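Commentary on secondary and tertiary structure
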Amino acid sequence: MVPFAVYLFAGVAVLMVVLVLAWVGPRLFSAPGVRVGPDRETTNLEVYRDEMTQLAVDYQCGRISSESLEEARAELNRRLLDDTSESVASARRMRAPVRAVGIAVMFLVPALAGGLYLNVGNINALNIVADGEKKEQDFYRQLKEHLQHNPRDARAWVILGRYEMGSDRFQEAAKAFEAGIDASPKVANDATVLCELAEAIGMAQGGLFKGRPRELVEKALTLAPDNALVLEMAGGAAYEARDYASAAMYWKTLRSQIPTDSQAYQQISIAIARIEAEASATQPDETTALSTAAP
């Protein structure tokens, strides 16, 4: 069965080709050379008017008779008609190759684009993506079936929680982490899992650490005070609670574990600077506490 992504890709590709041709097509069929015909007609009309005016002057001056005037006018009309017909035919002859080029381009662009993709692109890429999504869905289904038969598999619950977090299903992730903690004392004392549970609950309640998430982070701190994830979340929880001194201490401890030439070091330094600025603006007495926080 052809996956929906293939149909979507094909539809978008066809739409893009149609839009390009709709923009380019009219310009291909209206080349500047077609304007030569009308310009020549304008010149012929001006000459015709001049000659007719000169004939009228000659007649009034007695240089030509009325019969000669009528014959000359008839000759001018015949010449003008011949010149006009020739200009139209010339314009049509010039337009013909332009139209042929336009038609050729209209057909060649889609054909060349399709051939180039078949030779350079990966026609199986969408199938690979679809297969990857199917395997992921199969893994998710098998994991849940496994847990139905093995509800005490704490690590499987943790894996499920991480999968749910990756899918932004925070409440389901929190339930999975809770089940893993309940199933194993070892997992219940895993600082990383406690922080993951705190994050899931916090995201489920709008990205706030207040309440249970902060309690979990504090417990994780007692278990692994030097854990990078624990320090990061502890600093975030303290900052949310406007405990700037503690936030600066946690993040400075975290920064000491990061290479000084890394982007992460620069980012956390910016965060610490922001904490110190806010602390000095709202609670000037905390400046001393921040300056003596861990480096």
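Refer to the preceding data block for the structure.
Everything numeric here is computed off the predicted structure, so don't read it as measured data.

**Re the overall build of the protein chain**
- What the protein chain contains, in helices and strands, is 13 helices and zero strands.
- Element order for the protein chain, N to C, with α for helix and β for strand: α-α-α-α-α-α-α-α-α-α-α-α-α.
- Within the protein chain, the fraction of its 295 residues that count as buried is 30%.
- Partitioning the intrachain contacts of the protein chain with sequence separation of at least 6 by distance along the chain shows that 54% fall at a separation of at least 24.
- As presented, the protein chain carries roughly 18700 Å² of accessible surface, and 60% of it is formed by carbon and sulfur atoms.

**A word on the packing of helix H8 (residues 191-204) against helix H10 (residues 228-240)**
- The contact between H8 and H10 brings their axes to 9 Å, and the two run at 35 degrees. Like other packed secondary-structure pairs, H8 and H10 cross with a definite hand, here left-handed. For the pair H8 and H10, contact is made by Ala-191, Thr-192, Cys-195, Ala-198 and Glu-199 and by Leu-229, Val-230 and Met-233, respectively.
- A per-class count over the contact of H8 with H10 returns six nonpolar, one polar and one charged.

**Concerning helix H11 (residues 244-255)**
- Taking 1.5 Å of rise per residue, twelve residues should cover 16 Å, and H11 covers 16 Å from first to last C-alpha, within 8% of that figure.
- In terms of residue burial, H11 counts as a mostly covered element, since ten of its twelve residues are buried.
- Every buried residue belonging to H11 is among Tyr-244, Ser-246, Ala-247, Ala-248, Tyr-250, Trp-251, Lys-252, Thr-253, Leu-254 and Arg-255, and all of these are buried.

**Structural notes on the nonpolar core**
- In terms of nonpolar packing, the biggest core is built from 43 residues, with Phe-177, Ile-181, Leu-197 and Trp-251 touching the most fellow members.
- At the level of secondary structure, the elements contributing two or more residues to this core comprise helix H5 (154-166), helix H6 (170-183), helix H7 (185-188), H8, helix H9 (212-223), H10, H11 and helix H12 (263-282).
- Top element by residues in this core is H8. It accounts for eight residues.
- In contact with Phe-177, other than residues within four places in its own chain, are Trp-157, Val-158, Gly-161, Arg-162, Met-165, Val-193, Glu-196, Leu-197 and Ala-200.
- Tyr-140, Leu-147, Trp-157 and Leu-160 belong to the second largest nonpolar core, which has eight residues in total.

**Quick notes on the pattern of salt bridges**
- Applying the stated criterion across every chain, the model contains eight salt bridges.
- A salt bridge links Arg-214 to Glu-218, with the nearest nitrogen and oxygen atoms 3.6 Å apart. Remark: Glu-218 and Arg-214 occur in helix H9; sequence separation between them is four residues, near one turn of the helix.

**What to know about the environment of Ala-271**
- In this fold, Ala-271 is placed in helix H12.
- Using a relative accessible area of 12% as the deciding quantity, one classes Ala-271 as buried.
- Put simply, Ala-271 and Ala-248 are 23 residues apart on the chain and 8.8 Å apart in space, counted from C-alpha to C-alpha.

**Quick word on the packing of aromatic side chains**
- The final tally for this structure, using the stated rule, is three aromatic pairs.
- Seen from their ring centres, Tyr-140 and Tyr-163 are 4.8 Å apart, and the 20 degrees between their planes marks the pair as stacked. Here Tyr-163 lies in helix H5 and Tyr-140 lies in helix H4 (residues 125-149), a separation of 23 residues in the sequence.
- Counting every residue linked through ring pairs, the aromatic cluster contains Tyr-239, Tyr-244 and Trp-251.
- In this structure, Arg-169 is placed above the aromatic ring of Tyr-140, and the distance from its NZ or CZ to the ring centre is 5.4 Å.
- The ring of Tyr-239 is capped by Arg-274, whose NZ or CZ atom sits 6.0 Å from the centre of that ring.

**A look at unusual backbone geometry**
- A positive phi angle is found at Asp-168, which is not glycine, with a value near 60 degrees.
- Secondary-structure assignment places Asp-168 in the loop between H5 and H6.
- Using a relative accessible area of 54% as the deciding quantity, one classes Asp-168 as exposed.
- Look at Arg-242: it is not a glycine, yet its phi comes out positive at around 65 degrees.
- On the secondary structure map, Arg-242 appears in the loop between H10 and H11.
- By relative accessible area, which is 47% here, Arg-242 ends up partly exposed.

**Thoughts on the packing of H5 against H8**
- Contact geometry of H5 with H8 gives a least axis separation of 11 Å together with a crossing angle of 40 degrees. By the angle between their directions, the pair H5 and H8 is classed as oblique. Pair H5 / H8 crosses with left-handed handedness. Of H8, the residues touching H5 (which contributes Arg-155, Val-158, Arg-162 and Met-165) are Thr-192, Val-193, Glu-196, Glu-199 and Ala-200.
- When its residues are assigned to classes, the contact of H5 with H8 shows four nonpolar, one polar and four charged.

**Considerations on the side chain of Glu-196**
- For Glu-196, the location among the structural elements is in helix H8.
- According to the relative accessible area criterion, Glu-196 is buried, its value standing at 15%.
- Polar contacts involving the side chain of Glu-196 include one to the side chain of Arg-162, which spans 2.8 Å.
- When sequence neighbours within four positions are dropped, the list of residues in contact with Glu-196 reads Val-158, Arg-162 and Phe-177.

Criteria and thresholds
- Residues numbered from 1 in each chain as written.
- Predicted model: local features only at pLDDT ≥ 70, side-chain atom pairs only at ≥ 80, totals over all residues.
- Heavy atoms only, no water.
- Helix = DSSP H or I, 4+ residues; strand = E, 2+ residues; numbered from the N terminus.
- Buried < 20%, exposed > 50% of the residue type's maximum accessible area, 1.4 Å probe, protein only.
- Contact = heavy atoms within 4.5 Å.
- Areas by Shrake-Rupley, 256 points an atom, 1.4 Å probe, with all protein chains shown as cover.
- Axes fitted to C-alpha atoms, helices over the stretch in contact; angles between N-to-C directions.
- Left-handed = near helix turned anticlockwise from the far one by under 90°.
- Nonpolar A, V, L, I, M, F, W, Y, C, P; charged D, E, K, R; others polar.
- Expected span 1.5 Å × (residues − 1).
- Core = buried A, V, L, I, M, F, W, Y, C linked by side-chain atoms within 4.5 Å.
- Salt bridge = Lys/Arg side-chain N within 4 Å of Asp/Glu carboxyl O.
- Phe/Tyr/Trp six-rings, centres within 6.5 Å; stacked < 30°, edge-to-face > 60°.
- Lys NZ or Arg CZ within 6 Å of the ring centre and 35° of its normal.
- Parallel < 35°, antiparallel > 145°, perpendicular 65-115°, else oblique.
- Polar contact = N/O pair within 3.5 Å; in protein donor to acceptor, adjacent residues only side chain to side chain.

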